[in-house]
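# Fold and geometry: a report
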Amino acid sequence: MVKVNPALICFFILFTFALLFGCSGSPSCIGVNCDKNTGDINSASPEFEPVVKTELKLTQIIPETIVFSGSNYFRPEIIAVEDRLFVAWAIKGGSKYQLVELNEDLSPKSEVFDIYNYRTSIDIRLATDGINLWYAFQSLSDQDESDCNSIFLEMAKYDVSGNTPSLTNTKLDIAAGCPFGNRTLKNYPKNPELVDDPTPIFYDKKYVVLTRAWKGTVQHIRTFDKNFDLLEDFTLDLNPIITGNEFLSQNALVDIEEKLYLIGGLGTLADSSIYAIPLSGDLHSVSGEVIPLVKEAGQKFTKTTSAKYVEGKLYINYAKSTDEGQLHYLGIFDAENNFAPLDQIQFQDKSVNANHSSIEVIGDKVFVLYQEDQKNNYNLLMQVFEWK
């Protein structure tokens, strides 16, 4: 029997490997970044470019699209319930609210349903508890709107697990608010509130609704159980964050790693900026550093009505006031890096008067919903962006 030297076998294996792959015998020369002449892994040959990890960019995948066309749609809202996409809106004149489910390509997935409203219903803000769709809204009574006893805060909840939404709870006349357009009333209650554009969120197994101050620095927060029975009714004072003639704009609440943040504009009628305001666990006070998100001297940024936290990123909508009305934007921030700005997209190319927008995030896709023009047409428009 012929004995073969094991060292000789190793030599032939290495020699064959070198012929096949064209590399020197240096162990550091294995891989796509190997330079055949130097064996340096940091020096790539012309045949092999370095593997570079590129950052994803938010790219528009569906341009501005009319999702519903008509003369009576306004104040649109969008929400995802278990990755199902729902859109609601008010009918001009406050006669009713409507709800529809959409596919991700923005085509209708369901018929349009009339959903609960009370009296003359204007502002509506959607939320979810993870299973159900619920909303806080504003109603107007037939009384004189020049006082603080004619505008009311309401709530409703729907089971949307089936093909037809089913009303499960309502809570009516929760609080009376003062008129938004009249800041000169002489007779108003202590810590008067605005119940238009109420801010809902499901947090810590409670249904939470915030209403902002009509005058002063004191906001109102109410919490409810699953049956909409009142748990707490308290105030949140933003003094000394805002003082004097400064106030909180329309706003949103967002849960970031089990801590609730209030996102909204702080400032005057002429100059305001968007801030992230961390709240204490019981929501009774500000707790932590207030962080500016959108700020520019001499500009008025306001009206954040949606805030979403997904995979380390904070997504918000906001408005920039102009001489003609408002321009609406999508802002994205790195919540894991002191809310550093990641992107800003102006999704409305013309200024409109007192428009309303809403956003939702499902996975890598961002859905933007808004109305076309409150002065003339009331078409509901959408765009979709995706991280690519």
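In short, a report on the structure. Given the structure is predicted, the values throughout are model-derived calculations rather than measurements.

### What to know about empty space enclosed by the protein
Applying the stated criterion to the full structure yields 1 cavity of 30 Å³ or more. In terms of lining residues, the largest cavity is bounded by R84, F86, L99, V100, E101, S110, F113, V160, G162, N163, T164 and P165. Elements with a contribution of two residues or more to the lining of the largest cavity: β3 (84-91) and β4 (97-102). The dominant element in the lining of the largest cavity, judged by the number of residues it contributes, is β4, at 3 residues. Looking at side-chain class alone, the lining of the largest cavity contains 6 nonpolar, 4 polar and 2 charged residues.

### A closer look at the state of the cysteines
The term disulfide refers to a covalent linkage connecting the sulfur atoms of a pair of cysteines. According to the stated counting rule, one finds 1 disulfide in the structure shown. With its sulfur 2.0 Å from that of its partner, C148 forms a disulfide with C178. Note on the C148 and C178 pair: the S-S dihedral is about 110°, so by sign convention the disulfide is right-handed. One end of the pair, C148, is in the loop between β7 (133-140) and β8 (151-159); the other, C178, is in the loop between β9 (166-177) and β10 (193-203), with 30 residues separating them in the sequence. One exposure class covers both C148 and C178, and it is buried.

### Things to note about the layout of surface pockets
Each pocket or cavity is described by its volume, and for the largest pocket that value is around 910 Å³. Residue lining of the largest pocket: 39 residues in total, with F180, G181, D196, R212 and Q250 positioned closest to the centre. Secondary-structure elements contributing two or more residues to the lining of the largest pocket are β2 (73-81), β6 (120-128), β7, β10, β11 (206-213) and β14 (247-256). Residues that form the lining of the largest pocket fall into these classes: 16 nonpolar, 12 polar and 11 charged. For the second largest pocket, the calculated volume is near 660 Å³.

### A closer look at the sheet that holds β9
Spatial strand order, β6-β7-β8-β9: 4 strands in an open sheet with antiparallel pairing. Sheet topology places β6 and β9 at the edges, where each strand pairs with a single neighbour. In this sheet, adjacent strand axes meet at a mean angle of 20° when their direction is disregarded. Here 8 bridges tie β8 to β9, and the two strands are oriented antiparallel to one another. Within β9, the residue paired with F152 across the bridge is A176.

### As for the packing of aromatic side chains
Tallied over the full model, the rule gives 17 aromatic pairs. Following the ring pairs from residue to residue traces out a cluster consisting of Y97, Y116, Y135, F137 and Y158. One Lys or Arg, R119, reaches over the ring of F152 and ends 4.7 Å from the middle of that ring. Taking NZ or CZ as reference, K157 lies 5.3 Å from the ring centre of F228, over its face.

Criteria and thresholds
- Counting from 1, residues in each chain are numbered in the order their sequence is written.
- Local features are withheld for residues below a pLDDT of 70 in this predicted model, meaning they are given only at 70 or higher, and side-chain atom pairs are given and counted only at 80 or more; totals for whole chains, interfaces and linings count all residues.
- Excluding hydrogens and water, the side-chain values take into account all heavy atoms of the structure.
- Here a cavity denotes a set of grid points, spaced 1 Å apart and computed over the protein atoms alone, in which a 1.4 Å probe fits but from which it cannot get out, and a pocket denotes an open set meeting protein on both sides within 12 Å along at least five of seven lines; residues with an atom within 4 Å of a point are reported as lining.
- Grid points are joined across faces, edges and corners, and a volume is the space filled by probe spheres set on the points.
- By the criteria applied, helices consist of DSSP H or I runs no shorter than four residues and strands consist of E runs no shorter than two, each listed in order from the N terminus.
- Under this grouping Gly is polar, as are all residues other than the nonpolar Ala, Val, Leu, Ile, Met, Phe, Trp, Tyr, Cys and Pro and the charged Asp, Glu, Lys and Arg.
- Note on disulfides: each one is a pair of cysteine sulfur atoms within 2.5 Å.
- Three exposure classes are used, based on accessible area relative to the maximum for each residue type with a 1.4 Å probe and protein chains only: buried under 20%, partly exposed in between, and exposed over 50%.
- What makes two strands pair is DSSP finding at least two bridges between them.
- Here the axes come from fitting lines to C-alpha atoms, over the contacting stretch only for helices, and the angles between their N-to-C directions go from 0 to 180 degrees.
- Ring pairs are drawn from Phe, Tyr and Trp, using the six-membered ring of Trp, whenever the two centres fall within 6.5 Å, and their geometry is named by plane angle: stacked under 30 degrees, edge-to-face over 60, tilted for the rest.
- Working rule: Lys NZ or Arg CZ, within 6 Å of ring centre, within 35 degrees of ring normal, means a charge sits over the ring.

Function-wise, these values are silent; they only describe arrangement.
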